[in-house]
Amino acid sequence: MPAPTCASCQAARAALRRPRSGQALCGACFCAAFEAEVLHTVRAGRLLPPGAVVAVGASGGKDSTVLAHVLRALAPSLDITLHLVAVDEGISGYRDAALAAVRDQAASWGLPLTIVAYADLFGGWTMDAVARSTAGSGRSRSCCTFCGVLRRRALEEGARRVGATHIVTGHNADDMAETVLMNFLRGDAGRLARGGGLGSAGEGGALPRCRPLQLASQKEVVLYAHFRRLRYFSRECAFAPEAFRGYARQLLKRLEAARPSAVLDLVHSAERLALAPTARPPRPGSCSRCGALASRALCQACALLDGLNRGRPRLAIGKGRRGLDEGLGEAGPEDGAPGNGGPGCTPAATAETKAGPAASPVPVGPGEDGDGAVAALGPV
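Below is a short write-up of the structure. (Residues numbered from 1 in each chain as written. Predicted model: local features only at pLDDT ≥ 70, side-chain atom pairs only at ≥ 80, totals over all residues. Heavy atoms only, no water.)

Its 14 residues give helix H10 (residues 245-258) an end-to-end C-alpha distance of 20 Å, which sits within 8% of 20 Å, the value for a rise of 1.5 Å per residue. Of the positions making up H10, those classed as buried are Arg245, Ala248, Leu252 and Glu256. Buried residues of H10 fall within an arc of 70° about the axis and therefore sit on the same side. Projecting away from the buried face of H10 at angles above 90 degrees are the exposed residues Gln250, Lys253, Arg254, Ala257 and Ala258. (Helix = DSSP H or I, 4+ residues; strand = E, 2+ residues; numbered from the N terminus. Expected span 1.5 Å × (residues − 1). Buried < 20%, exposed > 50% of the residue type's maximum accessible area, 1.4 Å probe, protein only. Arc of directions from axis to C-beta.)

Structure (structure tokens):
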């Protein structure tokens, strides 16, 4: 049976049926429709004002690759300037290849690229070092928690170094639905309350962030990359199989098989969720160590680094946070507090491009990214 005619151009043969609508489109018309929908998301949500300098979180994976490609095509219409910012987490056998893909993309598209590294930002800590530190603590599954929180901090620092006014990440609808599921399963009312919308406005001095692909399904992101012949890095991180997000992803796939609208239903449920006044999280304050936005005495990045520097990596995760908050002010020079000669959390990043003077400590809000006990969003 021959393929139907494209429902849009009525000329070419259809190459696919859109997963949600069932509309038969050729590859060119599908890509045009995808780009138009992202443009509508950005404009309707007023995510990127004219003149914005946009730091694109670039990991080399499919989502950030598609996001950068689409925004590059839309940049003249939106009147924005793009700058790729990549983070080197220090994961041997994984990140080097991903960064090579990012460098190839930047060169191919003529976009500037800045790379910031955990080792430079966080007193020598890399994810390989974090994994070794947590291996005997019963917290090896929490590597994604550490990585998510620190990556968010690193991306903010990289964005500030390039003079960005906004940050965009490649989280798609499936990523957001997984996050909603994880927060429901944990009973995390605070993060459920903060999980709606297409991003954050930049509370407490942090740069505004948004997710232009939040309403696009993972299937259509992959299809767009296929028809645009985009090359991206597709290997899974070595720490990902142990992450709790994988269980939410498996559950979501089963839900979507039974109800195709389940992904977007979950995304929209987070936008419309209303909590009772007694369940709403308190207004955030400032981290007592670096001044970043925080819902406790220490922001999550400082708390995690403090636990690592003390040799107690579980200190900032789950119930361990209580002892950390109660013990503030008791840390000695060996604990790595800034000014005490140890590696603190004040960023001192280096970049692929020539960087200016060190920026002020990067704010990390109460919605810090992570996959363990502080989960917010999935990988970029």
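On to the pairing of strand E4 (residues 81-88). Judged by how many residues are buried, E4 sits mostly within the fold: six of eight residues are covered. Summarising the sheet, strand E3 (residues 53-57) and E4 pair through five bridges and their orientation is parallel. By the bridge assignment for E4, Val54 is matched with Leu82. With helix H2 (residues 62-78) bridging E3 and its parallel neighbour E4, the resulting β-α-β unit is right-handed. Bridge count between E4 and strand E5 (residues 113-117): five bridges; the pairing is parallel. Note on E5: the bridge partner recorded for Ala86 is Ile115. (Pairing = 2+ DSSP bridges. Right-handed = clockwise from strand over helix to strand, strands pointing away.)

Now for the environment of Asp88. Examined against the element boundaries, Asp88 turns out to sit in strand E4. The sequence separation of Asp88 and Ala117 amounts to 29 residues, and the corresponding C-alpha distance is 4.5 Å. In contact with Asp88, not counting residues within four places along its chain, are Arg95, Leu99, Ile115, Val116, Ala117 and Tyr118. At 3.0 Å, the side chain of Asp88 and the backbone nitrogen of Gly90 are in polar contact. (Contact = heavy atoms within 4.5 Å. Polar contact = N/O pair within 3.5 Å; in protein donor to acceptor, adjacent residues only side chain to side chain.)

Let us look at the packing of helix H6 (residues 143-161) against helix H12 (residues 300-309). The geometry of H6 relative to H12 is characterised by a closest axis approach of 9 Å and an angle of 125° between their N-to-C directions. Relative to H12, H6 is oriented oblique. The hand of the H6/H12 crossing is left-handed. Residues Thr145, Phe146, Val149, Leu150 and Arg153 of H6 lie in contact with H12, whose contacting residues are Gln300, Ala301, Leu304, Leu305 and Leu308. Looking at the contact of H6 with H12 residue by residue, the classes come out as seven nonpolar, two polar and one charged. (Axes fitted to C-alpha atoms, helices over the stretch in contact; angles between N-to-C directions. Parallel < 35°, antiparallel > 145°, perpendicular 65-115°, else oblique. Left-handed = near helix turned anticlockwise from the far one by under 90°. Nonpolar A, V, L, I, M, F, W, Y, C, P; charged D, E, K, R; others polar.)

Right, let's talk about the packing of aromatic side chains for a bit. Following the criterion strictly, the structure yields six aromatic pairs and no others. For the pair Tyr94 and Phe233, a centre-to-centre distance of 5.4 Å together with 65° between the ring planes defines the contact as edge-to-face. Residue Tyr94 is found in the loop between E4 and helix H3 (95-109), and its partner Phe233 is found in the loop between helix H9 (218-227) and H10; the two are separated by 139 residues along the sequence. The burial state of Tyr94 is the same as that of Phe233; both residues are buried. (Phe/Tyr/Trp six-rings, centres within 6.5 Å; stacked < 30°, edge-to-face > 60°.)

This part covers the nonpolar core. The biggest cluster of nonpolar side chains holds 45 residues, and the ones touching the most others in it are Phe34, Val56 and Val66. Contributing elements (two or more residues each) for this core: helix H1 (27-44), E3, H2, E4, H3, E5 and H9. Examining the composition of this core, we find that eight residues originate from one element, H2, more than from any other. Those residues within four positions of Val66 in sequence are excluded, and the remaining contacts are Phe34, Leu213, Val221, Tyr224, Ala225 and Leu230. (Core = buried A, V, L, I, M, F, W, Y, C linked by side-chain atoms within 4.5 Å.)

Turning to the sheet that holds strand E6 (residues 166-168), a few remarks are in order. Either a parallel or an antiparallel arrangement is found when strands of a sheet pair, and the pairing is made through backbone hydrogen bonds. Strand order in the open sheet made by the six strands is E5-E4-E3-E6-E8-E7, with mixed pairing throughout. This sheet does not close on itself; its edge strands, each paired only once, are E5 and strand E7 (199-200). Of the pairings in the sheet, the one linking E7 to strand E8 (residues 209-210) comprises two bridges and is antiparallel in character. What sits directly across from Gly199, in E8, is Cys210. The sheet contacts of H6 involve E3, E4, E5, E6, E7 and E8, and relative to E4 the element is tilted by about 140°.

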